[in-house]
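The lines below spell out each chain.
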Amino acid sequence: MKQDSDLRNNLKSIRTRLGMSQQDLANIANVTRQTISGVESGLYAPSVAITLRLAKALGCQVEDLFWLERDLPEIEAVLAKPVPNGQQLRVSMARVGGQWIAYPLIGKDAFRQDMIPADGEGETCTGTNKVRVRLLDDNLETLHNTVVIAGCAPVISLWARATERWHPQLRVQYNFANSMAALHSLCRGEAHIAGMHLYDPETGEYNTPFVRDVLAGREAVLITLGVWEEGLLLKSGNPMGIRTVSDLVAGGATIVNREIGSGSRMLLEQTLQKEQIPFDAVQGFDNIFKSHQDVAQAVVGGVADAAISTASIATAFGLGFIPLHQSRYDLVILKEYLEVAPVQQLLSTLGHRMVHSQFEILGGYDISKIGEVVATV
């Protein structure tokens, strides 16, 4: 019987893993060697009886040997970031603002701790920001039930995982981005929510002036996630006796910095300006790392003596900490997304004890106003 074009098998890989030749398997299953060869090459579709004999001979289930290749859907999506033309991509997918967005799983974006599973694969097209994605399964419901957050607060992942336990049908995609990058990602339609912690010394406001400027007339709400302590990460025991930013210069300490657009870099620059210290007087000012975890690891590993981050990061990495500032971390959401069901489900958990417990045990956060709308623009 000629092979069904949709029928696939891994008979050869199981057979060889067990150390069997084609003839060995044929003898045990009471079939000819030509039958084994025909099945493995895809030229022959075995009968039910032969299928059962093969499974029994190999000590496995029929489903382990044979499956039907489904016609999986293809979706045209907008790439969330540029990639080289013609490159094969692993991507994760979400529906944002009425269009499909493909997030390339490349480099650090492919990992948290473990590698992130892909939703599909695609190839970029020359001269366009579009990609044709072939999904790896047909569970479109999961993609429709995905809410995308761009931000840099490590607690976002805690919130996401707690929410997914409470709403198993919901998936939260957390894309790492500093505050300004997250805001621009929201503005471009690549995320439902942007997380940010930027302070404007001229107005004394958190986040709102930056949101008003970038969104340029689009309506949004700011919901607070909490107030966190920001300051200097130091080696355990503070062997250099650093107490202020001025001490960094006086003691010849080396720092690592964050990229432009991050709240940590802005705090460092504002503090140096207040102390009337030139940026180039600080060793390592131009040595850029792109996450709270990375700067902490640099201090732990001896790459730097200090960095700017949060009290919770200091605790997590066993580092010393000198507080400099309290910063409010807000979630920026376009009003048009407030009625989107996955977004509503995610926001509803901000009042849940499961979420509060994760934040409280981490430390360094004041969540007394979590979930409150602090501004509208």
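Higher on the page you've got the structure.
Residues numbered from 1 in each chain as written. Predicted model: local features only at pLDDT ≥ 70, side-chain atom pairs only at ≥ 80, totals over all residues. Heavy atoms only, no water.

All right, on to helix α12 (residues 292-300) then. Among the residues of α12, His292, Val295, Ala296, Ala298 and Val299 are the ones counted as buried. Buried residues of α12 fall within an arc of 155 degrees about the axis and therefore sit on the same side. Buried residues in α12 make contact with β13 (220-234), β14 (255-258), α11 (263-274), β15 (288-289), β16 (306-310) and α13 (311-317). Note on α12: the residue one or two positions beyond its end, Gly302, has a positive phi of about 85 degrees. (Buried < 20%, exposed > 50% of the residue type's maximum accessible area, 1.4 Å probe, protein only. Helix = DSSP H or I, 4+ residues; strand = E, 2+ residues; numbered from the N terminus. Arc of directions from axis to C-beta. Contact = heavy atoms within 4.5 Å.)

Another aspect to go through is the pattern of salt bridges. Scanning the entire structure with this criterion turns up 12 salt bridges. Between Glu259 and Arg258 there is a salt bridge, with the nearest N and O atoms lying 3.1 Å from each other. Taken individually, Glu259 and Arg258 each receive the classification buried, so the pair is uniform in this respect. (Salt bridge = Lys/Arg side-chain N within 4 Å of Asp/Glu carboxyl O.)

Along the chain, the position of Ser368 falls in the loop between β18 (365-366) and β19 (373-376). Remark: the alpha-carbon pair of Ser368 and His356, spanning 12 residues in sequence, is separated by 9.6 Å. At 2.8 Å, the side chain of Ser368 and the side chain of Asp366 are in polar contact. (Polar contact = N/O pair within 3.5 Å; in protein donor to acceptor, adjacent residues only side chain to side chain.)

Secondary-structure assignment places Asn238 in the loop between β13 and α10 (245-250). Residue class for Asn238 comes out buried when judged on its relative accessible area of 14%. Of note is the side chain of Asn238, whose polar atom sits 2.8 Å from the backbone oxygen of Ile242.

Moving on: the side chain of Asn207. Its location among the elements puts Asn207 in the loop between β12 (205-206) and α9 (208-215). Judged by its relative accessible area of 0%, Asn207 is buried. In terms of polar contacts, Asn207 uses its side chain to reach the backbone amide nitrogen of His197, at 3.5 Å. In this structure, Asn207 is in contact with Met196, His197, Leu198, Leu222, Arg328 and Asp330, ignoring residues within four places of it in sequence.

The next subject is the packing of helix α8 (residues 179-187) against α9. The contact between α8 and α9 brings their axes to 10 Å, and the two run at 40 degrees. It follows that α8 is oblique to α9 by the angle criterion. In terms of crossing hand, the pair formed by α8 and α9 is right-handed. For the pair α8 and α9, the contacting residues are Met180, Leu183, His184 and Cys187 in the first and Phe210, Val211, Val214 and Leu215 in the second. (Axes fitted to C-alpha atoms, helices over the stretch in contact; angles between N-to-C directions. Parallel < 35°, antiparallel > 145°, perpendicular 65-115°, else oblique. Left-handed = near helix turned anticlockwise from the far one by under 90°.)

Once that is clear, we can look at α11. Taking 1.5 Å as the rise per residue, α11 with 12 residues should run 16 Å; its terminal C-alpha atoms sit 16 Å apart, in good agreement. For α11, the full list of buried residues reads Gly263, Ser264, Arg265, Leu267, Leu268, Gln270, Thr271 and Leu272. A positive backbone phi angle near 55 degrees is found at Gln276, which sits one or two residues after α11. (Expected span 1.5 Å × (residues − 1).)

For the rest of this paragraph, the subject is the packing of aromatic side chains. Inspection of the entire model under this criterion finds five aromatic pairs. Seen in terms of ring centroids, Phe359 and Tyr365 are 5.9 Å apart; in terms of plane orientation they differ by 50 degrees. Their pairing is tilted. Exposure remark for Phe359: the relative accessible area of 1% places this residue in the buried category. What makes Tyr365 buried here is its relative accessible area of 14%. Ring pairing ties together the aromatic residues Trp228, Tyr329, Phe359 and Tyr365, which thus form one cluster. (Phe/Tyr/Trp six-rings, centres within 6.5 Å; stacked < 30°, edge-to-face > 60°.)

Ordered in space as β3-β5-β4-β6-β7, the five strands form a closed barrel in which the pairing is mixed. On average, each strand axis in the sheet is inclined to that of its neighbour by 50 degrees, with strand direction left out of account. Both strand β3 (residues 74-79) and strand β5 (residues 99-104) contribute to a ladder of two bridges, which runs parallel. Along β5, the bridge assignment pairs Val78 with Ile101. (Pairing = 2+ DSSP bridges.)

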